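# Reading the structure
What follows is the residue order along each chain.
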Amino acid sequence: MNAASQTVIEISKVSTRFGDHVVHTGLDLEVRSGEIFALIGGSGSGKSTLLREMILLQRPDAGSIRVLGVDLHEIADDAALALRQRWGVMFQHGGLFGSLTVKENVGLPLREHTGLDDVLIDEIAAWKLAMTGLQPEVGAQYPSELSGGMMKRASLARALALDPELLFLDEPTAGLDPDSAGEVDQLVRRLRELFGLTIVMITHDLDLLWQLADRVAVLAEGKVQGVGSMTELSQMDNPAIRKFFDGPRGRAAQEQERKQEQQQTQVPTSEATGRPSSKPK
Ligand SMILES: Nc1ncnc2c1ncn2[C@@H]1O[C@H](COP(=O)(O)OP(=O)(O)O)[C@@H](O)[C@H]1O
Ligand SMILES: [Mg+2]
């Protein structure tokens, strides 16, 4: 864990507005190497916007963002191109191109950023699909033919195409049935274990938050209201954080905490999530 203290993302005093609508007001955030970091907050609190700012799809109006040691402010085109190859992104709605097969989608970053020939790109794409638990024949299918869970996996395979150091996930389990969500949960866990990836995810999924996230940041009123493990957050007094634990979803959250405590004393993780663990290899 010697790399754990290294900062991979450093966000300082970021402000963002759309016209008169203020989204971030001097927001600070830090993500450390090798951690699974979750961003939570109400709908419209600016989570996706912040993520887009971290991946150079949008610029804040003020403040600074450093990712993997690079300042994103006025970054030159060639530096931006190099940086984009060091992270992978799984967008909320998959973001796969409907006119390309799954394998072509996964191979796209390789085609764009490497000089590898088609045969090799195909092989790497097939291997990334296998890594996310998809059957080889899925590679020949089109996104519209996939179930929600398969779509998330394919999108994850594409995010992993260039062997990123950093992975961004926007709502990786949203819209999935509990079984598929549990499989994505296991998959993310394995990716971190196998590759030591740093993972930043936006999620409402209490299982992901309690079982997977090392640290969680609560976004509200333009700022990060608190950062910590779910257990730490659950003990904070800040009203914006309390809302998450005491609201209608609070009971579920506390249920999770109880499960977590039980798990620490007795059962393996997959049992504790109440979800089926993925098939043993
Ligand atoms: N491109 C945009 N133009 C205008 N308003 C936007 C744009 N993107 C996001 N917003 C607004 O900014 C706020 C934050 O959006 P978003 O970051 O998507 O929230 P979250 O992901 O937390 O639900 C919302 O009120 C949204 O309507
Ligand atoms: Mg969003």
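Residues numbered from 1 in each chain as written. Chains lettered and ligands numbered in written order. Predicted model: local features only at pLDDT ≥ 70, side-chain atom pairs only at ≥ 80, totals over all residues.

A few words now on unusual backbone geometry. Even without glycine at this site, Glu74 takes up a positive phi of about 50°. Looking at the element boundaries, Glu74 is found in the loop between strand 5 (70-71) and helix 2 (77-84). Look at Glu221: it is not a glycine, yet its phi comes out positive at around 50°. The topology assignment puts Glu221 in the loop between strand 9 (215-220) and strand 10 (223-228). (Helix = DSSP H or I, 4+ residues; strand = E, 2+ residues; numbered from the N terminus.)

With mixed pairing, 6 strands are arranged side by side in an open sheet as 6-7-8-3-9-10. The two strands at the open ends of the sheet, each matched to only one other strand, are strand 6 (87-90) and strand 10. Going across the sheet, the axis of each strand differs from the next one's by a mean of 15°, ignoring polarity. Of the strand pairs in this sheet, strand 7 (residues 166-170) and strand 8 (residues 198-202) are connected by 5 bridges, and their pairing is parallel. Counterpart to Leu167 in the pairing with strand 8 is Ile199. Here helix 1 (residues 47-54) sits on the sheet in contact with strand 3 (36-41), strand 7, strand 8 and strand 9, set at roughly 155° to strand 7. Taken strand by strand, helix 9 (residues 239-246) contacts strand 3, strand 9 and strand 10, and its axis lies near 110° from that of strand 9. (Pairing = 2+ DSSP bridges. Axes fitted to C-alpha atoms, helices over the stretch in contact; angles between N-to-C directions. Contact = placed C-beta atoms within 7 Å.)

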